[in-house]
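As a plain string of letters, each chain reads:
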Amino acid sequence: MTPILHEDPVSGNCYKIRLTAALTGQPIERVAYDIRKGETRTPAFLAGINPDGRIPVLQVGAEGAWRFLPESNAACWWLATGSALIPADRFMQAEVLRWMFWEQYSHEPNVATLRFWRRYVGECALSDAQRAAIPGKHAAGQAALALMDRHLTGRDWFVGDGPTLADLVLYAYTHLADEADFMLADYPAVQDWLARVAAMPGYVPMEA
């Protein structure tokens, strides 16, 4: 049956799954939640979708045999398996995973968190600890974008000669970095790469 994506449409982590599905030509159904209203922390969600209370979750299988796959990059890998987005070469597969792990450890916790705080929470509503963390997260986000820019200088894609899953997972929050007060104009190689991803056949934009 068609996979079901449990998501918040404004989340970049959810968007990367929609983008992967679109670029591999796979239909998905979508169920929306508003994380700001605690809709993923209800007893029904915790018992039936994800006991961790987080989205995205990709629901796969069939009625009576559903399986639930949390974590955005794991869901993207499931969707991309068998496509050109995952190289056949073993070392290149590991390189794709390297960038996917790096995205969740060094990129998303800084760029995505600042975007959420600034666009959806507002600095006045942040805790003292969150406000104190802003300079460090901004510096770490700048370092991540600078590393990406250096890596992309002289090359079109993160791994090999064509787009891979590494590009899609990194695209999701990078193309929203201006919303977190990062200046994408400072990273010309990243800007060129963003345009290449957006020009891929089947590309779907982020929802407002």
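Since we're looking at a predicted model, the values are computed, not measured.

Thresholds applied
- Residues numbered from 1 in each chain as written.
- Predicted model: local features only at pLDDT ≥ 70, side-chain atom pairs only at ≥ 80, totals over all residues.
- Heavy atoms only, no water.
- Salt bridge = Lys/Arg side-chain N within 4 Å of Asp/Glu carboxyl O.
- Helix = DSSP H or I, 4+ residues; strand = E, 2+ residues; numbered from the N terminus.
- Buried < 20%, exposed > 50% of the residue type's maximum accessible area, 1.4 Å probe, protein only.
- 1 Å grid on protein atoms, 1.4 Å probe; cavity = no way out; pocket = protein on both sides within 12 Å on 5 of 7 lines; lining within 4 Å.
- Points joined across faces, edges and corners; volume = space filled by probe spheres on them.
- Nonpolar A, V, L, I, M, F, W, Y, C, P; charged D, E, K, R; others polar.
- Core = buried A, V, L, I, M, F, W, Y, C linked by side-chain atoms within 4.5 Å.
- Contact = heavy atoms within 4.5 Å.
- Phe/Tyr/Trp six-rings, centres within 6.5 Å; stacked < 30°, edge-to-face > 60°.
- Lys NZ or Arg CZ within 6 Å of the ring centre and 35° of its normal.

Our focus in this paragraph is the pattern of salt bridges. Taken as a whole, this structure holds 12 salt bridges when the rule is applied. Among the ionic pairs, Glu 207 bridges to Arg 30, the shortest N-O distance being 2.8 Å. In this pair, Glu 207 is assigned in the segment after α7 (188-198) and Arg 30 in strand β2 (residues 29-32), connecting sequence segments 177 residues apart. Residue classification places Arg 30 among the partly exposed residues on the basis of a relative accessible area of 40%. One salt bridge connects Arg 98 with Glu 95, and the closest N-O pair in it is separated by 3.3 Å. Of this pair, Arg 98 and Glu 95 are both found in helix α4 (residues 90-121), three residues apart, which corresponds to roughly one turn of the helix. If you follow the salt bridges from partner to partner, you end up with Glu 7, Arg 18, Arg 30 and Glu 207 in one network.

Another aspect to go through is the layout of surface pockets. The computed volume of the largest pocket comes to approximately 790 Å³. No other element matches the 10 residues that α4 contributes to the lining of the largest pocket. A class-by-class count of the residues in the lining of the largest pocket yields 13 nonpolar, 10 polar and eight charged.

The next thing to look at is the nonpolar core. Counting residues in each nonpolar core, the largest one holds 52 residues, and the members touching the most others are Met 148, Phe 158, Leu 165, Leu 168, Val 190 and Trp 193. Elements with a minimum of two residues in this core: α1 (12-23), β3 (57-60), α3 (72-80), α4, α5 (128-152), α6 (165-174) and α7. Setting aside chain neighbours within four positions, we find Met 148 in contact with Trp 102, His 107, Phe 158, Leu 170, Thr 174, Val 190 and Trp 193. Formed by five residues, the second largest nonpolar core is a distinct cluster that contains Tyr 33, Phe 45, Ile 49 and Ile 55.

Counted according to the given criterion, the structure contains eight aromatic pairs. Judged by centre distance (5.2 Å) and plane angle (80 degrees), the ring pair of Phe 158 and Trp 193 falls under edge-to-face. With Phe 158 in the loop between α5 and α6 and Trp 193 in helix α7, the pair connects residues that are 35 residues apart, well separated along the chain. Comparing Phe 158 with Trp 193 shows no difference in burial state: the two are buried. Measuring from centroid to centroid gives 5.8 Å for Tyr 171 and Tyr 203, while their planes differ by 90 degrees, and the two rings are edge-to-face. Taken together, the residues span a long stretch of sequence, with Tyr 171 in helix α6 and Tyr 203 in the segment after α7 at a distance of 32 residues. Taken together, the ring pairs in this structure connect Tyr 15, Trp 99, Trp 102, Phe 158, Tyr 171, Trp 193 and Tyr 203 into an aromatic cluster. A cation over an aromatic ring shows up here: Arg 196 above the ring of Trp 157, its NZ or CZ 6.0 Å from the ring centre.

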